[in-house]
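Okay, here's what each chain looks like letter by letter:
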Amino acid sequence: MLYTRKGDGGTTKTFGSNERISKSSAKAEALGALDEINSFLGIVKVLSKQYGYTIEINNTAIAFDSIVHDVQETLFIIQAEVAGFPKGLAEEKITHIENIIDTAEK
């Protein structure tokens, strides 16, 4: 079923909660922003793979699409956490993303 004809009153539910939140709430805004970032990164990933871009991290050349994929996976975990799913990021994943950020800032 694509619609219920009941309307949602401008609210939505998040994972693990029967409570409805406003679609204009900070949580809904954050989830939407994370989703948009991930969509944009998907385009970046496809184009970087098409052109064969690489980046050097810790003296190792890595395919840029692989790096973008890692960032997307991390954003999915963050998005799940914001939505209420107890996921969490491993310390190694955080360190890896920090290395990517440090390299990008250079």
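Reading the values: the criteria
- Residues numbered from 1 in each chain as written.
- Predicted model: local features only at pLDDT ≥ 70, side-chain atom pairs only at ≥ 80, totals over all residues.
- Heavy atoms only, no water.
- Helix = DSSP H or I, 4+ residues; strand = E, 2+ residues; numbered from the N terminus.
- Expected span 1.5 Å × (residues − 1).
- Buried < 20%, exposed > 50% of the residue type's maximum accessible area, 1.4 Å probe, protein only.
- Contact = heavy atoms within 4.5 Å.
- Phe/Tyr/Trp six-rings, centres within 6.5 Å; stacked < 30°, edge-to-face > 60°.
- Arc of directions from axis to C-beta.
- Axes fitted to C-alpha atoms, helices over the stretch in contact; angles between N-to-C directions.
- Parallel < 35°, antiparallel > 145°, perpendicular 65-115°, else oblique.
- Left-handed = near helix turned anticlockwise from the far one by under 90°.
- Nonpolar A, V, L, I, M, F, W, Y, C, P; charged D, E, K, R; others polar.
- Salt bridge = Lys/Arg side-chain N within 4 Å of Asp/Glu carboxyl O.

A. Representation of helix 1 (residues 26-51) within the structure. Between its terminal C-alpha atoms helix 1 stretches 37 Å, which fits the 38 Å expected from 26 residues at 1.5 Å a residue. Buried within helix 1 are the following residues: Ala28, Leu31, Leu34, Asn38, Leu41, Gly42 and Ser48. For helix 1, the elements touching its buried residues are strand 2 (20-22) and helix 2 (64-83). Just past helix 1, the residue Gly52 takes up positive phi, approximately 70 degrees.

B. Quick look at the side chain of Gln79. Looking at the element boundaries, Gln79 is found in helix 2. By relative accessible area, which is 14% here, Gln79 ends up buried. Once residues within four sequence positions are removed from consideration, Gln79 is found in contact with Leu31, Leu34, Asp35 and Asn38.

C. Just the environment of Leu47, in detail. In this fold, Leu47 is placed in helix 1. Taking C-alpha positions, Leu47 is 24 Å from Lys93, a pair spaced 46 residues apart along the chain.

D. Expanded view of the packing of aromatic side chains. Per the counting criterion, the structure on display carries one aromatic pair. Ring geometry for Tyr51 against Tyr53: centres 6.0 Å apart, planes inclined by 25 degrees, an arrangement best described as stacked.

E. Quick peek at helix 3 (residues 91-105). Relative to the 21 Å expected for 15 residues at 1.5 Å per residue, helix 3 spans 21 Å between its end C-alpha atoms, a close match to the ideal helical length. The set of residues buried in helix 3 consists of Lys93, Ile97, Ile100 and Thr103. Across the axial projection of helix 3, the buried residues extend over an arc of 120 degrees, all falling on one side. Within helix 3, the exposed residues directed more than 90 degrees away from the buried face are Glu91 and Glu105. In the core, the buried residues of helix 3 are packed alongside strand 3 (54-57) and helix 2.

F. The arrangement of the packing of helix 2 against helix 3 in detail. At a minimum axis distance of 11 Å, the contact between helix 2 and helix 3 shows a crossing angle of 130 degrees. In this view, helix 2 runs oblique relative to helix 3, as classed from their interaxial angle. The chirality of how helix 2 crosses helix 3 is left-handed. Listed contacts from helix 3 to Ile67, Asp70, Val71, Glu73 and Thr74 of helix 2 are Lys93, His96, Ile97 and Ile100. Looking at the contact of helix 2 with helix 3, its residues break down into four nonpolar, two polar and three charged.

G. Spotlight on the pattern of salt bridges. Scanning the model with the defined rule gives two salt bridges in all. Among the ionic pairs, Asp8 bridges to Lys23, the shortest N-O distance being 2.3 Å. Linking Asp8 in the segment before strand 1 (11-13) with Lys23 in the loop between strand 2 and helix 1, this pair joins segments that are 15 residues apart in sequence. Measuring nitrogen to oxygen at the nearest pair gives 3.6 Å for the salt bridge that ties Lys93 to Glu73. With a gap of 20 residues between them, Lys93 in helix 3 and Glu73 in helix 2 connect regions that are remote in the sequence. Relative accessible area serves as the criterion here: at 35%, Glu73 is assigned to the partly exposed category.

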